[in-house]
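Each chain is listed here by its residues.
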Amino acid sequence: MDFQFTDKEDETRLRFRSWLEDNLPEGWGTPEFSIPEPFTTEEEFLIDWQRKMFEGGWAGIAWPKKYGGVALTPIEQAIYWEERERYEAPRELNDVGLQFIGAMLMAEGTEEQRNRYLQPMLDSTEVWAQGFSEPDAGSDLASLRTRAVRDGDDYIVNGSKIWTSNGDAADFILLLVRTDPDAPKHKGISALIVDAHTPGIKAEPIQQIDGRQEFSTVFYDNVRVPVSNLIGAENDGWRVAMTTLEAERMASTYAFALRRRIAKLLIDFRGKFAGAAAASAQNVTAWQKLAEYVVEAHAARTTYYRGVSRLQNENVYGVEWSAGKLHTSEMAKATMGFGSGLFGMDGLVGGSDRHHGQQPIPWGTEYLHAFCRTIGAGTSQIQRDIIARRILGLPRG
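Below or above, wherever it landed, is the structure these notes cover. (Residues numbered from 1 in each chain as written. Predicted model: local features only at pLDDT ≥ 70, side-chain atom pairs only at ≥ 80, totals over all residues. Heavy atoms only, no water.)

So, on to the overall build of the chain. From N to C terminus, the chain includes 11 helices and 10 strands. Among the 397 residues that make up the chain, the fraction classed as buried is 50%. When contacts within the chain are restricted to residue pairs at least 6 apart in sequence, long-range pairs at least 24 apart make up 72% of them. Surface summary for the chain: the accessible area is close to 18,300 Å², and the carbon and sulfur share equals 52%. (Helix = DSSP H or I, 4+ residues; strand = E, 2+ residues; numbered from the N terminus. Buried < 20%, exposed > 50% of the residue type's maximum accessible area, 1.4 Å probe, protein only. Contact = heavy atoms within 4.5 Å. Areas by Shrake-Rupley, 256 points an atom, 1.4 Å probe, with all protein chains shown as cover.)

Structural data, given as structure tokens:
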């Protein structure tokens, strides 16, 4: 890996910084920010923000131009994600579609499906969700039970999914279903594109331990899905799912957010323990721990760029994504837990990020949210299993 960016990559970074400085909403990042008129909900605001990104040439960074993308390199896409985190820019409401379902459709979908679905993903016309996990499947995705039974030109779908990001806001859902219950569990799965507005679909938001509602449980009751919405071949959905998860792990850019959060943790620490208090034996130990976290964050960033470099040069999704995903997920728990305990009661009210410019999220809340990182895009246990087999060469247990 070359640790130096090219002139073109540096120019992309500077162009995106300039665009963000010119286009971030007024008051963004301050307690005075409020969702501007005429938007009445956060969802409306985020959809408009993604549309603005698209019109400015900053959506689908590495997508081919024929599908509405910008056709930049994977490294330039990573630079885009890093700068977005640096400026704490609003997230795209359709991040699930943009970051990994779109990549999957370009790899596995038909040309008709690409032409139909990719452009509306980019300009926020249509929002996507991913329906993989189930209440009774746990981390064993292949044991899913949601059924799809062929009925003429349709499948009839029954079952439920849990932890569906954007589940209550989605227009379309990438859904894994069991189409052959008699086949070995990895062999009887298919992937469908499901219109989320089809009769029989009901989404119920999940109240998380940190107070957020980022996920939903989605129920499917005799939902009709056209056979033409099948991705790949029937019963070949496991391969489609793995392609999606590889892209999702690449899009798990928490390495960049982690650096920003640790920098804010340092700022908060300096603000609370200045002068003699900062030199006490207890706080010297805290400084040492914070220094370790800074080094770990730099290592996470390097691992991420290493994976992106391999993708760009070899067109391979390497095991770096699993190593990076595991590292940053566990680091999130460690650093946010440290921040929560470091400030005592102050850790319950002061914090790191601002949620759309409002009051800072408390470190304690960040700590609770960090546990989500160890589950989404594959649990830490799954990542350890991948690393054991593909890096260390260990046999399956």
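Picking up after the structure, the text goes on.
According to the stated counting rule, one finds 25 salt bridges in the structure shown. K289 is paired through a salt bridge with E292; the nearest N and O atoms lie 3.3 Å apart. In this pair, K289 and E292 both sit in helix α8 (residues 281-314), three residues apart, roughly one turn of the helix. Classification of K289 by relative accessible area gives partly exposed; the value is 31%. Using a relative accessible area of 44% as the deciding quantity, one classes E292 as partly exposed. (Salt bridge = Lys/Arg side-chain N within 4 Å of Asp/Glu carboxyl O.)

Side chains of I391, L392 and L394 sit close together on the surface and give an oily, nonpolar patch of about 290 Å² of accessible area. Along the chain, L392 turns up in the segment after α11 (380-390). Assessed through its relative accessible area of 57%, L392 is described here as exposed. (Patch = residues over 30% accessible without salt bridge, like charges linked within 9 Å, V, L, I, M, F, W, Y side chains within 5 Å.)

Attention now moves to helix α3 (residues 74-86). If you check α3, its first and last C-alpha atoms are 18 Å apart, about what 13 residues at 1.5 Å a residue would give, namely 18 Å. Most of α3 is tucked away, with 12 of its 13 residues classed as buried. Every buried residue of α3 is listed here: P74, I75, E76, Q77, A78, I79, Y80, W81, E82, E83, R84 and E85. Backbone geometry just after α3 places E88 at a positive phi near 50°. (Expected span 1.5 Å × (residues − 1).)

Here the focus is the environment of E44. Here E44 lies in helix α2 (residues 42-55). Here E44 falls in the partly exposed class, since its relative accessible area comes to 35%. Residues E44 and L93 lie 49 residues apart in sequence; the distance between their C-alpha atoms is 9.0 Å. For E44, the contacting residues outside a window of four places in its chain are P38 and F39.

Now for the packing of aromatic side chains. Going through the model one piece at a time under the given rule, you end up with 15 aromatic pairs. Ring geometry for F16 against Y80: centres 4.8 Å apart, planes inclined by 45°, an arrangement best described as tilted. Residue F16 is located in helix α1 (residues 7-23), and its partner Y80 is located in helix α3; the two are separated by 64 residues in the primary sequence. Among the residues examined, F16 registers a relative accessible area of 1% and is labelled buried. On the basis of relative accessible area, Y80 is assigned to the buried category, the value being 6%. Cluster of aromatic residues (ring-pair linked, three or more members): F16, W19, W49, W58 and Y80. Directly above the ring of Y155 sits R150, whose terminal nitrogen or CZ lies 5.9 Å from the centroid. (Phe/Tyr/Trp six-rings, centres within 6.5 Å; stacked < 30°, edge-to-face > 60°. Lys NZ or Arg CZ within 6 Å of the ring centre and 35° of its normal.)

Next up on the list: the pairing of strand β5 (residues 189-195). In terms of burial, β5 is largely enclosed, as six of its seven residues are buried. Sheet topology places strand β4 (residues 172-178) next to β5; seven bridges connect them, and they run antiparallel. By the bridge assignment for β5, F172 is matched with D195. Relative to strand β8 (residues 230-231), β5 is paired through two bridges, and the arrangement is antiparallel. For L192, the partnering residue across the bridge sits in β8 and is L230. (Pairing = 2+ DSSP bridges.)

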